[in-house]
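The primary structure of each chain is shown beneath.
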Amino acid sequence: GAVVSQHPSWVICKSGTSVKIECRSLDFQATTMFWYRQFPKQSLMLMATSNEGSKATYEQGVEKDKFLINHASLTLSTLTVTSAHPEDSSFYICSARGPGDTEAFFGQGTRLTVV
Amino acid sequence: DAKTTQPNSMESNEEEPVHLPCNHSTISGTDYIHWYRQLPSQGPEYVIHGLTSNVNNRMASLAIAEDRKSSTLILHRATLRDAAVYYCILMGGMYSGGSNYKLTFGKGTLLTVNP
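Residues numbered from 1 in each chain as written. Chains lettered and ligands numbered in written order. Predicted model: local features only at pLDDT ≥ 70, side-chain atom pairs only at ≥ 80, totals over all residues. Heavy atoms only, no water.

S.K.: How would you sum up the environment of Gln6(A)? Please name residues and give values.
M.R.: Residues and elements named next belong to chain A. Within the fold, Gln6 resides in strand β1 (residues 4-7). Using a relative accessible area of 2% as the deciding quantity, one classes Gln6 as buried. A C-alpha to C-alpha distance of 9.5 Å links Gln6 and Thr78, two positions 72 residues apart in sequence. A distance of 2.6 Å separates a polar side-chain atom of Gln6 from the backbone oxygen of Tyr92. (Helix = DSSP H or I, 4+ residues; strand = E, 2+ residues; numbered from the N terminus. Buried < 20%, exposed > 50% of the residue type's maximum accessible area, 1.4 Å probe, protein only. Polar contact = N/O pair within 3.5 Å; in protein donor to acceptor, adjacent residues only side chain to side chain.)

See below:
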């Protein structure tokens, strides 16, 4: 299957700082990317959907000014957690879908710990 | 969003077949039935998807009821590496419009494989 690379795999940051997570589709053009957050022993929660060159569509309850999503090219999307706080500590996962494809491919996830 | 219902957990023995059920009584005509699985601390992995006909690939088989209101993921010979949370998800094709183009996760089925 297609490969989606997410970086970094884990990150520890201080409260109040910002963290950027990258998601790349390595061998296909991702017209749509999805960002998820997953807390321990819970399912994935969709945060936002982004189409290349367009503004992201955020799910209800997700602060768009706190979780900045950029999908500037067909192979790269970034999620920036701004002014991170300990409650933002979670497992963040990206997913990408190509044009005309129906299945989605996932990155390996990023474990964010805010101290 | 179209909903799916899965058992919270199932148990199997190694080398035996596993049938994971999923109910989706509100499925629309353009919804594909997707299955993904997630191992601990990893991003989800695509397993299989189908629309109306049964599907087979190297990982599993997908049996879809004639009325499409339910489906079953079949692992023909379970191994310890198949222990994961399995998610059954309805997703529309790229041009079907509406919220079903998104990949929204339910709670899934935790599969335990006994040696």
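S.K.: Give me the lowdown on the sheet that holds strand β3 (residues 31-38) of chain B, citing residues and values where you can.
M.R.: Residue and element names in this part refer to chain B. Strand order across the open sheet formed by five strands is β1-β9-β8-β3-β4, with mixed pairing between neighbours. Both outer strands of the open sheet, β1 (9-13) and β4 (45-50), are each paired with one neighbouring strand and no more. Looking at each pair of strands side by side, their axes are set apart by 25 degrees on average, direction ignored. (Pairing = 2+ DSSP bridges. Axes fitted to C-alpha atoms, helices over the stretch in contact; angles between N-to-C directions.)

S.K.: Tell me about the state of the cysteines, and please be specific about residues and values.
M.R.: By definition, a disulfide links the sulfur atoms of two cysteines through a covalent bond. Enumeration over the complete set of coordinates arrives at two disulfides over all chains. Between Cys23(A) and Cys94(A) runs a disulfide, and the two sulfur atoms are separated by 2.0 Å. On the sign convention where negative is left-handed, the bridge of Cys23(A) and Cys94(A), at about 75 degrees about the S-S bond, is right-handed. Placement of the pair is Cys23(A) in strand β3 (residues 19-25) and Cys94(A) in strand β9 (residues 90-97), with a sequence separation of 71 residues. In this pair, the class of Cys23(A) matches that of Cys94(A), namely buried. Linked covalently through their sulfurs, Cys22(B) and Cys88(B) form a disulfide whose S-S length is 2.1 Å. Looking along the S-S bond of the Cys22(B)-Cys88(B) disulfide, the torsion reads about -80 degrees, which is the left-handed sense. Here Cys22(B), found in strand β2 (residues 18-23), pairs with Cys88(B), found in strand β8 (residues 84-92); they are 66 residues apart in sequence, far enough to count as distant. Each member of the pair, Cys22(B) as well as Cys88(B), carries the same accessibility label: buried. Cys94(A) provides the cysteine sulfur closest to Cys13(A), a residue in no disulfide bond, and the two sulfurs are 18 Å apart. (Disulfide = S-S within 2.5 Å.)

S.K.: Go over the nonpolar core with me, naming the residues and quoting the values.
M.R.: Residues and elements named next belong to chain A. Among the nonpolar cores identified, the biggest contains 25 residues, and Val4, Trp35, Phe67, Leu79, Tyr92 and Leu112 are the most heavily contacted of them. Where this core is concerned, the elements lending two or more residues are β2 (10-13), β3, β4 (32-38), β5 (45-51), β7 (67-73), β8 (76-81), β9 and β11 (110-114). Residues contacting Val4, with those up to four places away along its chain left out, are Cys23, Arg24, Ser25, Phe28, Cys94, Ala96, Phe105, Phe106, Gly107 and Gln108. (Core = buried A, V, L, I, M, F, W, Y, C linked by side-chain atoms within 4.5 Å. Contact = heavy atoms within 4.5 Å.)

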